[in-house]
Amino acid sequence: MPVESGSSAAARQAKQKRKSHSLSIRRTNSTEQDRSGLQRDLLEGQDSKLPLSLRSNLLDLFSQIEREFENLYIENLELRREIETLNDRLAAEGQTFEGADLAKGALKTKASHSTSQLSQKLKTTYKASTSKIVSSFKATTSRAVCQLVREYVGHRDGIWDLGVTRTQPVVLGTASADHSAMLWSIETGKCLLKYMGHQGSVNSIKFHPTEQMALTASGDQTAHIWRYMVQLPTPQPVADISMPCEDDVDFSDKDEADGEAEGPNDCPSVRVATTTLRSHQGVVIAADWLVGGKQVVTASWDRAANLYDVETSELVHSLTGHDQELTHCCTHPTQRLVVTSSRDTTFRLWDFRDPSIHSVNVFQGHTDTVTSAVFTVGDNVVSGSDDRTVKVWDLKNMRSPIATIRTDSAVNRISVSVNQKIIALPHDNRQVRLFDMSGVRLARLPRSNRQGHRRMVCCSAWCEDNTTCNLFTCGFDRQAIGWNINIPALLQEK
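Residues numbered from 1 in each chain as written. Predicted model: local features only at pLDDT ≥ 70, side-chain atom pairs only at ≥ 80, totals over all residues. Heavy atoms only, no water.

In the annotation of an unreviewed UniProt entry, the protein is listed under the name WD repeat-containing protein 37 and assigned to Amphilophus citrinellus.

Draft legend 1. Quick peek at the sheet that holds strand β7 (residues 213-218). Here four strands make up an open sheet; going across it, the order is β6-β7-β8-β10 and the pairing antiparallel. This sheet does not close on itself; its edge strands, each paired only once, are β6 (202-207) and β10 (275-277). The mean angle between the axes of side-by-side strands here comes to 20 degrees, regardless of whether they run parallel or antiparallel. Where strand β8 (residues 223-227) and β10 come together, three bridges link them in antiparallel fashion. From the neighbouring strand, His224 faces β10, where its bridge partner is Thr276. (Pairing = 2+ DSSP bridges. Helix = DSSP H or I, 4+ residues; strand = E, 2+ residues; numbered from the N terminus. Axes fitted to C-alpha atoms, helices over the stretch in contact; angles between N-to-C directions.)

Draft legend 2. The side chain of Ser201, seen in detail. As for its placement among the helices and strands, Ser201 is situated in the loop between β5 (191-195) and β6. Side chain to side chain, Ser201 and Trp160 meet in a polar contact 3.0 Å long. Apart from residues no more than four positions distant in its own chain, Ser201 is found in contact with Trp160, Ser176, Ala177, His179, Ala217, Ser218 and Gly219. (Polar contact = N/O pair within 3.5 Å; in protein donor to acceptor, adjacent residues only side chain to side chain. Contact = heavy atoms within 4.5 Å.)

Draft legend 3. Main features of the environment of Asn470. Topologically, Asn470 is positioned in the loop between β27 (457-462) and β28 (471-475). Judged by its relative accessible area of 6%, Asn470 falls in the buried class. With near-sequence residues (within four places) excluded, Asn470 lies in contact with Ala461, Trp462, Cys463, Glu464, Trp483, Asn484, Ile485 and Ile487. (Buried < 20%, exposed > 50% of the residue type's maximum accessible area, 1.4 Å probe, protein only.)

Draft legend 4. View of the nonpolar core. Among the nonpolar cores identified, the biggest contains 25 residues, and Phe347, Val382, Ile423 and Leu425 are the most heavily contacted of them. Among the elements of the structure, β16 (337-342), β17 (347-354), β19 (370-375), β20 (380-385), β21 (389-394), β22 (403-406) and β24 (423-426) are those that each provide at least two residues to this core. Core analysis: the next-biggest nonpolar cluster, separate from the first, contains 19 residues, Ile422, Leu442, Val457 and Ile487 among them. (Core = buried A, V, L, I, M, F, W, Y, C linked by side-chain atoms within 4.5 Å.)

Draft legend 5. Up close: the UniProt feature "repeat: WD" (unreviewed entry) in the protein. What UniProt calls "repeat: WD" (unreviewed entry) maps, in this numbering, to residues 152-194, 195-226, 277-318, 319-360 and 363-403. In residues 195-226, helix accounts for 0% and strand for 53%; the two terminal C-alpha atoms are 8 Å from one another. (UniProt positions renumbered as here; feature names shortened; annotations may be inferred.)

What follows is the structure, encoded as structure tokens:
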């Protein structure tokens, strides 16, 4: 019997090893195939109405999901190891900072305990919403600052404008795209009167400074002056439905007014205007009374603003010069000054103080449509624009604004409080923000899926003398809202 040499025996053993290794590799590579084949055999033996091809695809998908979970599980284990390593490092640092008088084991236990507490706090923080955390911090001081007091619901379409009467009884007026204007009891939220004399959208409403007369502008190319008489109902107790300012909770775009709103019951109506002003060739978008109430100014999409005599309803002046449609007009509370806003990115100041000279100044501080420009009691003009900015101007030097407020959404018809000069900014994004004249943000009115505006906010109006509601807003969610702003507390938080 021949005897193998040492080299040939070693070669044969290496060959056997390579063979067994190749067999094990083939077995490994075929494991997934064997498993899927076995599972397919099991599926064929089960009673199912699904086609075999569909069941096979589902099986492949579940296998991929299983592999993804396995990978995540492995990554999780690696992360746990890294956390343990970091805990050990923190324990070592704890020993260095605490000094050598404590044992290493005690330091490690103390550091690990602190780390676990910190980790638990971080987990809790990440689970909570950032907005809720912010609200909880501000709730103690802001809950008494901004409160939603009353909702005025009854219009069948969006509300463009609102205002408060300047004579007794003090009521709220709203102008809506449903072709009507309404007068409301501020305390009860009840509709007191409905004006239905327009044939188009009612775009603005302003009240006479001394008499019970209202001025409305409409898409029917006219402005109407009409008289009203209302009797206030007995006030009802106000429910506390307040939420803190800076409430960032925004759960959804819930629209509870998609259906037809129920019109106010037993609400008297007026259908005939005392005076109808007809000179415009386009939509009349806004109108206002000049100081004294003997003249009114209207702004139209025909690019002109008209000055009328109230008693004769005659056109006194046609103010032309804007290159595009007008968006708003406003009069000074104590002087014969008018400011008009336009889509041409400018606003113009018209001076009628001297009867013989009617000067005009053009201001080009914005880069998009100027949605409104309003006077303050002093010598300032505040302008808002679709370029998401609000600018404060000095009438004595209007070459450049004295303050600029930059926001995250287009700004609509703004208002400035008389006494403290707080600017209320209604936004396209359903928010209402309050700023001071220097551009410092004071608050954001609460808004959630439970209260606040659910659509674009079109206008704001202050009424500081009213103890129930001193700020009103309206929007395209078909409602007006009365707010109580604690102005001293608001300024104290600044």
